[in-house]
Amino acid sequence: MSYDYLFSKDRKNQAIRQAGPQRVFEKLHAMRGRLIAFGAILIPAFLTGMALDSQGNPPSEPPSPSLQLEPSLRVQQALPLPDYAATPNRPPSAKQATIQTISIKVLAGDTLASLFSRYGLSAATLAKLQVTKHGKQLARIRPGQTLTLYIDDKKNLQRLVLPLDVKHSLHLIREHNNFRSTKISEKLETRLNSAEASITNSLFLAGKRSGLSDDLIMQMVDIFGWDIDFALDIRTGDRFTLIFEELYRAGEKVANGSIVAAEFVNRGKAIRAIRYTDASGHSDYYTPNGHSLRKAFLRSPVKFSRISSRFNLRRKHPVLHRVRAHRGVDYAAPRGTPIRATGDGKIAFASRKGGYGKTLIIRHGSTYSTLYAHLHRFARGIRGGKSVRQGQLVAYVGSSGLATGPHLHYEFRVRGRHRNPLTVALPKARSIAKRFRADYQRHGRKVNAQLNLIARLTVAQNSNSARH
Ligand SMILES: [Zn+2]
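Residues numbered from 1 in each chain as written. Predicted model: local features only at pLDDT ≥ 70, side-chain atom pairs only at ≥ 80, totals over all residues.

### Examining the overall build of the protein chain
- Looking only at helices and strands, one finds eight helices and 23 strands in the protein chain.
- For the protein chain, with 468 residues in total, the buried portion stands at 31%.
- Relative to all contacts within the protein chain whose residues are 6 or more apart in sequence, the contacts with residues 24 or more apart total 64%. (Helix = DSSP H or I, 4+ residues; strand = E, 2+ residues; numbered from the N terminus. Buried ≥ 20, exposed ≤ 12 C-beta atoms within 10 Å, placed from the backbone. Contact = placed C-beta atoms within 7 Å.)

This is the structure:
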């Protein structure tokens, strides 16, 4: 049992404890003072040149008048008809109709049918909603969602609104005797914010102290995970800086967007990542020089697992009890843990293979192949000849063949020769296409300058506070 092993186990547990369930809607109350000040400095200079593609597509129709979707319990109020009534198919009525707005927070066990009967709406109305384009989606209401009903004074449903996520909602609008369904994507305001943190004991704690949500930290782990093993490489004194988007509706923050740029200093070595969306709509993270941060292979096929046995040509085999080369890496993980293909490729073998038990071999072009052994089972659709993408779920951890307990045995071969998956130099994924390079350089220079600015301000601030 090595030091590394203890370290990684501890990290792993921390990650699991703290990556916890509370996520997207977590409010960033802690984001204060300095960060806001940075934001104020950065935003004007920034917004001019950057492709903030998370603004999304223009809404398919103008957003309906401020629909108050308060997540409170079953609030009822009478409101005058909002001006969506001005949509073409509704003849202007002489007297102003009264529409009652009912916001319903969906609770466990609620179905659309049970809610409809509770609010005096007919099964016939429900049936009409279900035959619309988004009827199926409507049937999958979940606890926590807030449904809004607009009911006229004759107890007819005029409109139903179901928010799908922070940006999208489903509107079912009465048209004569039927309903028309439409998905509306709201244009949210994107603001930029920044944060920086030093790691004293854990990445997640450092992030929390700077007011960052788990969601942003996981984004960062994904961006730098190609170069930094967050289970093994993190040391006290490592630090990071993030510039990220925040999405606002009517002046109120509703969610985090993407990380726009980031720097991670690991054991004194800085790596920078800049997000770039090319004209074809492909977004990725690149170094300031335009190299992809991505590699052609993931370093590890299982997330947050612990390495239980390393590549070792003179290991005593735990079952056979004699020296036998261990030409791969073992990842201990509970049975059923998902296994990802580490690179794009084609399945060369998916069957039983002696002591390896259920085994999967993926061929990645003519040079590389990867092997996954002791599987519990293959993922759906995984069989010889099928193509797989990097990160695709291909199998589940098990203990088939000669194994003392559930773990994944993973091998990496270069031209047929076993190499240590943890140390082999991994080929880079493609860099920015030539035709986008000049555009990226303009963008990259700007963003890089912003990272420099934050770094300088941080250093100045730290030396200031040291003097007090
Ligand atoms: Zn092994």
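### With respect to the pairing of strand 21 (residues 393-397)
- Summarising burial for strand 21: four of the five residues are buried, a large majority.
- Of the pairings in the sheet, the one linking strand 16 (residues 338-340) to strand 21 comprises three bridges and is antiparallel in character. In the strand pairing of strand 21, Arg340 is matched with Leu393.
- Here strand 19 (residues 368-378) pairs with strand 21 via three bridges, running antiparallel. Within the sheet, the bridge partner assigned to Leu375 lies in strand 21 and is Val397. (Pairing = 2+ DSSP bridges.)

### A word on unusual backbone geometry
- With a phi close to 65°, Lys155 is a non-glycine residue in the positive phi region.
- Tracing the backbone shows Lys155 in the loop between strand 3 (146-152) and strand 4 (157-163).
- At Ala250, a residue that is not glycine, the phi angle is positive and equals roughly 50°.

### Quick word on the sheet that holds strand 7 (residues 189-198)
- As summarised here, the arrangement of the five strands in space is 7-8-9-10-11, forming an open sheet in which the pairing is antiparallel. Each end of this open sheet is capped by a strand with a single partner; those strands are strand 7 and strand 11 (283-286). For this sheet the average axis-to-axis angle between neighbouring strands, irrespective of direction, equals 25°.
- Note: strand 10 (residues 269-277) against strand 11, four bridges, orientation antiparallel. Within the sheet, the bridge partner assigned to Arg275 lies in strand 11 and is Tyr285.
- Relative to the sheet, helix 7 (residues 214-224) contacts strand 8 (239-249), strand 9 (252-266), strand 10 and strand 11, its axis offset from that of strand 9 by approximately 35°. (Axes fitted to C-alpha atoms, helices over the stretch in contact; angles between N-to-C directions.)

### Section: the environment of Gln390
- Tracing the backbone through its elements, the reader meets Gln390 in the loop between strand 20 (387-388) and strand 21.
- Residue class for Gln390 comes out partly exposed when judged on the 17 C-beta atoms lying within 10 Å of it.
- Sequence-distant contacts of Gln390, that is, excluding residues within four places in its chain, are made with Leu298, Ala341, Thr342, Gly343 and Asp344.

### Describing the nonpolar core
- Core analysis: the largest hydrophobic core is formed by 38 residues, its most contacted members being Met220, Ile223, Leu242, Ile259, Ala261, Ala262 and Ala273.
- Looking at this core, the elements with two or more residues in it are strand 7, helix 6 (203-209), helix 7, strand 8, strand 9, strand 10, strand 11 and helix 8 (437-467).
- Apart from residues lying up to four places away in sequence, Met220 is in contact with Phe240, Leu242, Ile259 and Ala262.
- The next biggest cluster of nonpolar side chains, apart from the first, holds 26 residues, and it includes Phe311, Ala333, Tyr372 and Leu375. (Core = buried A, V, L, I, M, F, W, Y, C linked by C-beta atoms within 7 Å.)

### Some remarks on the pairing of strand 13 (residues 312-316)
- Among the five residues in strand 13, zero count as buried, and that is only a small part of the element.
- As paired elements, strand 13 and strand 14 (residues 323-326) share three bridges and run antiparallel to each other. What sits directly across from Arg315, in strand 14, is Arg324.

### Details of the confidence of the model for the protein chain
- Of the residues in the protein chain, 77% reach a pLDDT of 70 or more, and the chain-wide mean stands at 78.
- Every residue in residues 1-95 is under pLDDT 50, and counting partners more than four places away or in other chains gives 116 contacts. (pLDDT = per-residue confidence, 0-100.)

### Structural notes on the environment of Leu160
- As for its placement among the helices and strands, Leu160 is situated in strand 4.
- For the pair Leu160 and Leu147, spaced 13 residues apart in sequence, the C-alpha to C-alpha distance is 7.2 Å.

### Observations regarding helix 7
- Taken together, the buried positions of helix 7 are Leu216, Ile217, Gln219, Met220, Ile223 and Phe224. The buried residues of helix 7 all sit within an arc of 155° when viewed along its axis, so they share a single face.
- Packing partners of the buried residues in helix 7 comprise helix 6, strand 8, strand 9, strand 10 and strand 11. (Arc of directions from axis to C-beta.)

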